[in-house]
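Descriptive analysis of the structure
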Amino acid sequence: MIEWSGALGSDITFFLSQGTAYCTGRGEILTPIDPPLPTGTKVCIVKPDVGLSTPSVFKALDYDELSNMDPDDVLLPAFLDAEGVENVSAEYYVNDLEPPAFRCVPRLGELKESLLKVSGFKHVMMSGSGTSIFCIGEPDDHESFMKKFGEMDDVQVFFSEFIDREKGEWFQKP
């Protein structure tokens, strides 16, 4: 089923995983890993009401801008060897699709810069080819955060937390 799901779409395979995996290829090749974040770790997802096609992002990609950090030898060990993902240096939070996405939709880059200034967020990064931006942690001043971001007409804010599941079981509410 996992092999078949990769033919349907790059992200579908992930939903058949245990919830934490090292993804390669287009995102359809998964290697299960132990969760680097404990269940219950807070995350905020900020989704601007703007569309952005993945082909457009790849068309704007400048191969000279790609990270030279080896995913297998540098990035994965940085996350697995750390005492919590929150403690991983920001330089290891790499999404090569951010620069071209920000060129296509400058508002995304501006939004990320604003979110980086929010006290309480440990890391802020665009998800995949966009347009969602995820923030690990939660704002120290929830009310001010919601006044600034939650009341924007062109942005949706979602608060959630990381979950994981046992092998052979479906997700359960923690």
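Heads up: these notes are all about the structure in this document. (Residues numbered from 1 in each chain as written. Predicted model: local features only at pLDDT ≥ 70, side-chain atom pairs only at ≥ 80, totals over all residues. Heavy atoms only, no water.)

**Quick look at the sheet that holds strand β4 (residues 121-126)**
We count it as follows: For two strands to count as paired, DSSP must find a minimum of two bridges between them. For helices the rule is a DSSP run of H or I covering at least 4 residues; for strands it is a run of E covering at least 2, with both sets numbered from the N terminus onward. Angles here are taken between N-to-C directions and fall from 0 to 180 degrees, while the axes themselves are lines fitted to C-alpha atoms, restricted in helices to the stretch in contact. Only heavy atoms enter the contact rule, under which two residues are in contact if any of them lie within 4.5 Å.
Strand order in the open sheet formed by four strands is β4-β5-β3-β6, with antiparallel pairing between adjacent strands. The open sheet has two free edges, formed respectively by β4 and β6 (155-161), since each of these has just one partner strand. The average angle at which neighbouring strand axes cross in this sheet is 20 degrees, direction not considered. In terms of strand pairing, β4 meets strand β5 (residues 133-137) through five bridges, oriented antiparallel. Counted as the bridge partner of Met125 is Phe134 from β5. Each of β3 (42-48), β4, β5 and β6 is contacted by helix α5 (residues 106-116), which is oriented at about 175 degrees to β4, the strand it contacts most. Sitting on the sheet, helix α6 (residues 142-150) is in contact with β3, β4 and β6, with an inclination near 145 degrees to β6.

**What about the nonpolar core?**
How we decide: By nonpolar core is meant a set of buried Ala, Val, Leu, Ile, Met, Phe, Trp, Tyr and Cys residues that side-chain atoms within 4.5 Å join together. The cut-offs for exposure are 20% and 50% of the maximum accessible area for each residue type, with area from a 1.4 Å probe on protein chains only; residues under the lower value are buried, those over the upper are exposed, and the others partly exposed.
Among the nonpolar cores identified, the biggest contains 22 residues, and Val46, Leu115, Phe121 and Phe145 are the most heavily contacted of them. Looking at this core, the elements that each hand over two or more residues are β3, α4 (98-104), α5, β4, β5, α6 and β6. Apart from the residues within four sequence positions on either side, Val46 is in contact with Leu111, Leu115, Thr131, Ser132, Ile133, Cys135, Phe145, Val155 and Gln156. Leu37, Val85, Val88 and Ile136 belong to the second largest nonpolar core, which has six residues in total.

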